[in-house]
Amino acid sequence: YYAVVTGRPENKGNYTDYLLKDPGLNVSRVADADVSGAKKASLNYETIETKEISGREYSLVRIRLLTGRHHQIRVQFAHRNHPLLGDTKYGEERFNNEIALCAAFLSVDGHEYSIEPSW
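An account of the accompanying structure is given in this report. (Residues numbered from 1 in each chain as written. Predicted model: local features only at pLDDT ≥ 70, side-chain atom pairs only at ≥ 80, totals over all residues. Heavy atoms only, no water.)

## Description of unusual backbone geometry
Consideration 1: Positive phi, close to 50°, is recorded for S54, a residue that is not glycine.
Consideration 2: As for its position among the elements, S54 is in the loop between β4 (39-53) and β5 (56-65).
Consideration 3: Using a relative accessible area of 77% as the deciding quantity, one classes S54 as exposed.
Consideration 4: Residues other than glycine seldom take positive phi values, yet N81 does so here, at roughly 65°. (Helix = DSSP H or I, 4+ residues; strand = E, 2+ residues; numbered from the N terminus. Buried < 20%, exposed > 50% of the residue type's maximum accessible area, 1.4 Å probe, protein only.)

Printed below as a string of structure tokens:
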């Protein structure tokens, strides 16, 4: 995945948390490992580039999911004060009614597709 997040995360990193899903509200949150229903969520990321736009910093990050949890990327970055651009559920900033998140690699019936973003 690629995403544009607010702020400037470390150059590379791993986020490992336990996420608890609330299906009634369609949200997830970071919880303690011993909370009933909380599931381990891990991802690796690399900050590709950071730009200042209208006095605020935004970073393009490449993300590799190690687990697949409900809203995982959105929750884990927002939990560290780097919500995704346009994510009004876990952040606050609007962006053309879109969230700046896209798949970078897809595999369908043995065919592989990848993208490299530009901004």
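## A short note on the pairing of strand β7 (residues 105-108)
Consideration 1: Here four bridges tie β7 to strand β8 (residues 111-114), and the two strands are oriented antiparallel to one another. Paired with F105 across the two strands is S114, which belongs to β8. (Pairing = 2+ DSSP bridges.)

## Quick word on the environment of S59
Consideration 1: Residue S59 is classed as buried on the basis of its relative accessible area, which comes to 0%.
Consideration 2: Measuring from C-alpha to C-alpha, the distance between S59 and L85 comes to 9.5 Å, with 26 residues separating the pair along the chain.
Consideration 3: Side chain to side chain, S59 and T50 meet in a polar contact 2.8 Å long. (Polar contact = N/O pair within 3.5 Å; in protein donor to acceptor, adjacent residues only side chain to side chain.)

## Looking at the packing of aromatic side chains
Consideration 1: Per the counting criterion, the structure on display carries three aromatic pairs.
Consideration 2: Their ring planes at 45° and their centres at 4.9 Å tell us that Y15 and Y45 sit as a pair that is tilted. With Y15 in strand β2 (residues 12-22) and Y45 in strand β4, this pair connects stretches of sequence that are 30 residues apart.
Consideration 3: Judged by centre distance (5.5 Å) and plane angle (70°), the ring pair of Y45 and F77 falls under edge-to-face. Separated by 32 residues along the polypeptide, Y45 in strand β4 and F77 in helix α1 (residues 72-79) bring together distant segments of the chain. Neither residue differs from the other here; Y45 and F77 are each classed as buried.
Consideration 4: Sitting over the face of the ring of Y15, R80 holds its NZ or CZ atom 3.9 Å from the ring centroid. (Phe/Tyr/Trp six-rings, centres within 6.5 Å; stacked < 30°, edge-to-face > 60°. Lys NZ or Arg CZ within 6 Å of the ring centre and 35° of its normal.)

## Overview of the environment of R74
Consideration 1: The topology assignment puts R74 in helix α1.
Consideration 2: Between the C-alpha atoms of R74 and L85, which are 11 residues apart in sequence, the distance is 9.9 Å.
Consideration 3: The residues contacting R74, other than those within four sequence positions of it, are L84, D87, K89, Y90 and I99.
Consideration 4: One polar contact links R74 to D87, side chain to side chain, over a distance of 2.7 Å. (Contact = heavy atoms within 4.5 Å.)

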